[in-house]
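Fold and geometry: a report
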Amino acid sequence: MYDYDLLVVGSANADLVIGVERRPGAGETVLGSDLAVHPGGKGANQAVAAARLGARTVLLARVGDDAYGRLLLDSQRAAGVDTVGVLVGGAPTGVALITVDPSGDNSIVVSPGANGRLTPQDVRTAASLFLASRVVSTQLEIPLESVVEVVRNLAPDNRFVLNPSPPRSLPPEVLAACDPLIVNEHEAKVVLGDAYVSDRPEDWARLLLAKGPRSVVVTLGAEGALVASSSAGVTRVPSVKVDAVDTTGAGDAFTAALAYRLGSGASLAEAAAYAARVGAAAVTKEGAQESFPTAEEVDTL
């Protein structure tokens, strides 16, 4: 019996958000809306998204001993996330600077802060959380060596989910543990490197599988997603049509929902179809964590 459905190892940031009529070009200044501050970071977002859906969730992260850190801890606890794994101090809390245009598209610059101090030793010290969790999910807003340490500390029955964002080349040891590796088009291009030789998402999925993951999910925004494994081949998952307001955090909501459903026994295609509905619900509201739906809201979509 597991204490947690999902252990999220990752980043926790304060999102500083400004609405703009259009995003500035190089050397250009544009006027925007009033500044809004929201709890964010890919790790913290995934934890909140899963908890909102009913998952028993625990977060392993690091925040600063400052107002932003307290904001993040409060948001996790309010969503029902266990913060026993959240470490405090070592650097200021990470910050993400986000501009959002009228179509809902966003551009993000991240200052890692305390996220960059989540060390391999911190991961090893949290070994009991791995043993207590059914699924482990992480991203790349923490040091890559800490992600490698997550893989090395997986319990025998853990299922490992990775969204390589922001994208970079991944060591074979990490790729081999992914079940699934979840990428969008930009992330697929970076992970594939010289093997990115096609414009077809189906080919990306097959080429990524050849690099070692046990399964792959390629998210395609309004076009849905693809799921792929060596046993089941490539399957397309349709999107859910909604009017997008703000896409911030939608990928995190998708990943969290997929990880949770996989831990509940769903197939990869079933989990991705549910995750597509969760991601669609998230883009209909502004912000990241505050936009994440409950299970009841997803059922009505």
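Report on the accompanying structure. (Residues numbered from 1 in each chain as written. Predicted model: local features only at pLDDT ≥ 70, side-chain atom pairs only at ≥ 80, totals over all residues. Heavy atoms only, no water.)

1. Here's the deal with the overall build of the chain
In terms of regular secondary structure, the chain is built from 11 helices and 13 strands. For 301 residues, the compact-globule estimate of 2.2 N^0.38 gives 19 Å, and the chain sits close to it at 18 Å. Counting only C-alpha atoms and orienting by the principal axes, one finds that the chain spans roughly 50 × 40 × 40 Å. The 301 residues of the chain split such that 55% are buried. In the chain, 64% of the contacts between residues at least 6 apart in sequence involve partners at least 24 apart. (Helix = DSSP H or I, 4+ residues; strand = E, 2+ residues; numbered from the N terminus. Rg over C-alpha atoms; globule rule 2.2 N^0.38 Å. Buried < 20%, exposed > 50% of the residue type's maximum accessible area, 1.4 Å probe, protein only. Contact = heavy atoms within 4.5 Å.)

2. Points about the sheet that holds strand 2 (residues 13-19)
Pairing between sheet strands relies on hydrogen bonds along the backbone, with the strands arranged either parallel or antiparallel. Spatial ordering of the open sheet is given by 3-2-6-7, a layout of four strands whose pairing is mixed. Of all the strands in the sheet, just strand 3 (36-40) and strand 7 (106-111) have a single pairing partner and so form its edges. Averaged over neighbouring strand pairs, the angle between their axes works out to 25° when direction is ignored. Sheet strands in contact with helix 2 (residues 67-79) are strand 2, strand 3 and strand 6 (94-100), and its direction is about 60° off that of strand 3. (Pairing = 2+ DSSP bridges. Axes fitted to C-alpha atoms, helices over the stretch in contact; angles between N-to-C directions.)

3. Describing the side chain of Thr93
Within the secondary structure, Thr93 sits in the loop between strand 5 (82-88) and strand 6. Judged by relative accessible area, which is 5%, Thr93 ranks as buried. Separated by 2.9 Å, the side chain of Thr93 and the backbone nitrogen of Gly64 make a polar contact. Within the structure, the side chain of Thr93 is placed 2.6 Å from the side chain of Asp66, a separation counted as a polar contact. Residue contacts for Thr93: discarding those within four places in its chain leaves Ala12, Ala14, Val63, Gly64, Asp66, Tyr68, Gly69, Leu72 and Ala114. (Polar contact = N/O pair within 3.5 Å; in protein donor to acceptor, adjacent residues only side chain to side chain.)

4. A look at the sheet that holds strand 10 (residues 178-183)
Taken in spatial order, the nine strands make up an open sheet running 5-4-1-8-9-10-11-12-13, and their pairing is mixed. In this open sheet, the two strands that pair with only one neighbour each are strand 5 and strand 13 (233-237). Direction aside, the axes of adjacent strands within the sheet are offset by 15° on average. Sheet analysis places strand 9 (residues 159-162) next to strand 10, joined by two bridges and oriented parallel. The partner of Leu162 across the bridge, within strand 10, is Leu181. Across the sheet, helix 7 (residues 185-192) is in contact with strand 10 and strand 11 (215-219); its angle to strand 10 comes to roughly 120°. This element, helix 10 (residues 268-282), spans strand 10, strand 11, strand 12 (225-229) and strand 13 of the sheet and lies at about 160° to strand 12.

5. A look at helix 1 (residues 42-52)
Counting buried positions along helix 1 yields 10 of 11 residues, so the element is predominantly enclosed. Restricting attention to buried positions, one finds in helix 1 the residues Lys42, Gly43, Ala44, Asn45, Gln46, Ala47, Val48, Ala49, Ala50 and Ala51. In this structure, the buried side of helix 1 is in contact with strand 1 (4-9), strand 3, strand 4 (57-63), helix 2, strand 8 (133-138) and helix 9 (250-263). Two residues or fewer past helix 1, Gly54 is found with a positive phi of approximately 105°.

6. Some thoughts on the pattern of salt bridges
Once their charged atoms are close, side chains differing in charge can pair, the charge on each being opposite to the other. By the definition in use, this model includes 15 salt bridges. Asp122 is paired through a salt bridge with Arg62; the nearest N and O atoms lie 3.1 Å apart. One end of the pair, Asp122, is in helix 3 (residues 120-125); the other, Arg62, is in strand 4, and 60 residues separate them in sequence. Taken together, the shared-partner salt bridges connect Arg200, Glu202, Asp203, Arg206 and Arg236 into one network. (Salt bridge = Lys/Arg side-chain N within 4 Å of Asp/Glu carboxyl O.)

7. Quick notes on unusual backbone geometry
A cis amide bond, omega -5°, links Ser165 with the succeeding residue Pro166. When you line up the elements, Pro166 lands in the loop between strand 9 and helix 6 (172-177). A cis amide bond, omega 15°, links Asp179 with the succeeding residue Pro180. Residue placement: Pro180 occurs in strand 10.

8. Considering the packing of helix 1 against helix 2
Helix 2 packs onto helix 1 with a crossing angle of 20° between their chain directions and a minimal axis gap of 9 Å. One finds that helix 1 runs roughly parallel with respect to helix 2. When you trace helix 1 past helix 2, the crossing you get is left-handed. Here Ala44, Ala47, Val48 and Ala51 of helix 1 come into contact with helix 2, specifically with Ser75, Gln76 and Ala79. For the contact of helix 1 with helix 2, the residue count by class is five nonpolar, two polar and no charged. (Parallel < 35°, antiparallel > 145°, perpendicular 65-115°, else oblique. Left-handed = near helix turned anticlockwise from the far one by under 90°. Nonpolar A, V, L, I, M, F, W, Y, C, P; charged D, E, K, R; others polar.)

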